[in-house]
Amino acid sequence: MKIILVDDERIALEHIRTLIPWEENGYEIAAAATNGRSALRLCEEHRPQIMIVDIRMPVMDGLELIRAVAERGWGVNFIVMSAYEDFNYARQAISLGCVSSYLVKHEVNRDKLMQELAKAKLAWEMNERQRKLSRSEQLKEAFFASSQPAKHGAHIARPPLCALLLQADVPFTTIPSVTASPDASGTIGWTEGFKHAETTADWELVGEFAHGPGRLVALFEQRDKSVSLQREAFHRIASTAQREFDGRLGYTVSFYFAFEYADAAHLPALIRKLEEAARHTVFSGRNTLACAHDLPLPIRMAPANMDGSRRWLETLAACIAQEDYGSFESVINEWFDSLAQPEWNLNGLYEAIRALTTLYRERLAAAGLPEADPLDPIKFGPLYHVTDIRNRFLHAFGELNEQGSTARKRLSPKLLQAIRYLHAHFQDEIGVEDAAAATGISVRYLHELFKRELNRTFLDYLTEYRIKQAKIILMREDAKMAEVSARVGYRSPQHFSQVFKRLTGVLPHQFRAKEQAR
């Protein structure tokens, strides 16, 4: 706890200095002055918690000093020292409300001083808690004022200002958040990371407040108004605080900051800028330390582009049809690059994830594999960055491609030829005789190939393939059941529904409802 001593008698100053072991008791004599005017300047520079002040001094006396410090709202608690004849004068100082005790100079001893320091410390701590609550409310009003200028903005701080938004890093979710607030624990203990910032020569912490779960907003004021904006100095402060957070917390926190040069009434626009930066955290990743002015944030949120996604998907489908996985990978990379430049496109990312997940499930269904989520956080771990999402899709489709290649290599050429015929004509009324004729082998031999290499009959394979294709249509389109059944080779919608339920356990309309709810 910082102390400033003020007395026009140097002997009295030295006596107080040597009276107790200050540091051993948690105190630091930050400075000493022989008049009130010098003390006021030192108080602004060092921002002490306690000042021990003589009443009678030249230039500016103790009472004037106490009033000047109180008017500036610096939250200092005073111990007044004087002689007997100055008691009435000292009583005026006590009435100001920031004086914890009055000491008669020649009666001050070690025990008395320790007792009065403890009283002053307790008074300062109680007042500081109240000041922080009041300052937090004023800051909230200044940041979240409506179209009217903020009442408290102007006297809370004077530009240059820097607003800082801290957000606990949480895994990306494929479902857009309604509130955009991170689902994390509170911000208890976060302000301890600003202890260095409170004493820096360049920026002063004005105050802070919690802004939803796992979020904190802090406001800093540049101390020297006569120099240009000290961006680099603030970056060092934030970087130091972030390292302290990393050492104390069991999770990482991202820092987004923005500057205001002209008017504290612009704080609402500043917080909107910071919230937009924090909402796009998937593009910057974990443990970000960034100035929001430097980020490629969208001017306005772009709507999801269904047509754009459809064009990308058509290109990917062509790559799949040609079994060209190299080009497939290039298209995925180009798609994700387009979402990050020239501006971050968060809605486009959600649409890309939805479209690629649907395509992945379609390919699983076509390959006869069980449904799966390519971004399953339980199976594959959490995602924090758009690059992680892209790589997860590339890995999932790559594995699926390898599985398909391995399966094709195990099958004999004649069976592969029959399967290709079945895939091309499954919507028609075909039987094993048609496939055998198209392949150039006997019906009996084709039966043997299906049983030996696939452990199923031709009809079993045809039925399964038709239901897989029906599932793809149900996931993609809002077609009527009669149309779906006809498109996969069933004349009777009732028969189609029976077969579908036998293979999947649910009716077609139930399957569609389940997929739409995902």
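Every chain is numbered on its own, with residues counted from 1 as its sequence reads. For this predicted model, a pLDDT threshold of at least 70 governs which residues receive local features, and a threshold of 80 or more governs which side-chain atom pairs are given and counted, while totals over whole chains, interfaces and linings are taken from all residues. Excluding hydrogens and water, the side-chain figures rest on all heavy atoms present in the structure.

Peer 1: Looking at this structure, how should I read the overall build of the protein?
Peer 2: Counting secondary structure elements, the protein contains 22 helices and 10 strands. For the exposure calls, accessible area comes from a 1.4 Å probe over protein chains only, and a residue counts as buried if that area is under 20% of its type's maximum, exposed if over 50%, partly exposed in between. In the protein, which comprises 518 residues, the proportion classed as buried is 47%. Here the analysis covers contacts within the protein between residues at least 6 apart in sequence; of these, 67% occur between residues at least 24 apart. Note on areas: Shrake-Rupley, 1.4 Å probe, and residue coverage restricted to the protein chains presented here. As presented, the protein carries roughly 26400 Å² of accessible surface, and 50% of it is formed by carbon and sulfur atoms. Each helix is a run of DSSP H or I of at least 4 residues and each strand a run of E of at least 2, with the numbering of both proceeding from the N terminus. In this description, contact between two residues means that some pair of their heavy atoms is separated by no more than 4.5 Å.

Peer 1: What is the right way to look at the pairing of strand 4 (residues 77-82) in this model?
Peer 2: Along any regular strand, the residues point their side chains to alternate faces of the sheet. For strand 4, the buried fraction is high: six of the six residues fall into the buried class. Burial of the side chains of strand 4 extends over both faces: Asn-77, Ile-79 and Met-81 are buried on one face and Phe-78, Val-80 and Ser-82 on the other. Strands are labelled as partners when DSSP assigns at least two bridges between them. Pairing geometry for strand 3 (residues 50-54) and strand 4, over five bridges, is parallel. From the neighbouring strand, Ile-50 faces strand 4, where its bridge partner is Asn-77. Here is how to tell: hold the view so the strands point away, follow the path from the first strand over the helix to the second, and if it runs clockwise the crossover is right-handed. Handedness of the β-α-β unit built from strand 3, helix 3 (residues 62-71) and strand 4 comes out right-handed. Of the pairings in the sheet, the one linking strand 4 to strand 5 (residues 99-104) comprises five bridges and is parallel in character. Considered in strand 5, the bridge of Phe-78 is made with Val-99.

Peer 1: What should I look at first to understand the packing of aromatic side chains in this one?
Peer 2: Aromatic ring pairs: the centre-centre distance and the angle between the two ring planes describe each pair. Under the pairing criterion, centres of Phe, Tyr and Trp rings, with the six-membered ring standing for Trp, must be within 6.5 Å; the plane angle then separates stacked pairs below 30 degrees from edge-to-face pairs above 60, leaving the rest tilted. Inspection of every chain in the model, using the stated rule, returns 22 aromatic pairs. For the pair Phe-144 and Phe-209, a centre-to-centre distance of 6.0 Å together with 75 degrees between the ring planes defines the contact as edge-to-face. Of this pair, Phe-144 sits in the loop between helix 5 (110-143) and helix 6 (153-156) while Phe-209 sits in strand 7 (residues 203-210), and the two are 65 residues apart along the sequence. Pairwise contacts between aromatic rings join Trp-203, Phe-220, Phe-234, Phe-257 and Phe-259 into one cluster. A cation over an aromatic ring shows up here: Arg-286 above the ring of Tyr-384, its NZ or CZ 4.1 Å from the ring centre. Only lysine NZ and arginine CZ atoms are considered, and such an atom sits over a ring when it is within 6 Å of the ring centre and within 35 degrees of the ring normal.

Peer 1: Quick question: what am I supposed to make of helix 5 here?
Peer 2: Because each turn of an α-helix spans 3.6 residues, side chains separated by three or four positions end up pointing in the same direction. Each helix should span, by expectation, one fewer than its residue count multiplied by 1.5 Å. Taking 1.5 Å of rise per residue, 34 residues should cover 50 Å, and helix 5 covers 47 Å from first to last C-alpha, within 8% of that figure. If you check which residues of helix 5 are buried, you get Leu-113, Glu-116, Leu-117, Ala-120, Trp-124, Glu-128, Ser-136, Leu-139, Ala-142 and Phe-143. Of the residues flanking the start of helix 5, the one acting as N-cap is Asn-109, its side-chain oxygen 3.3 Å from the backbone nitrogen of Asp-111. In protein, a polar contact requires one atom able to donate a hydrogen and another able to accept it; more generally it is a pair of N or O atoms within 3.5 Å, and residues adjacent in sequence count only if both atoms are side-chain atoms.

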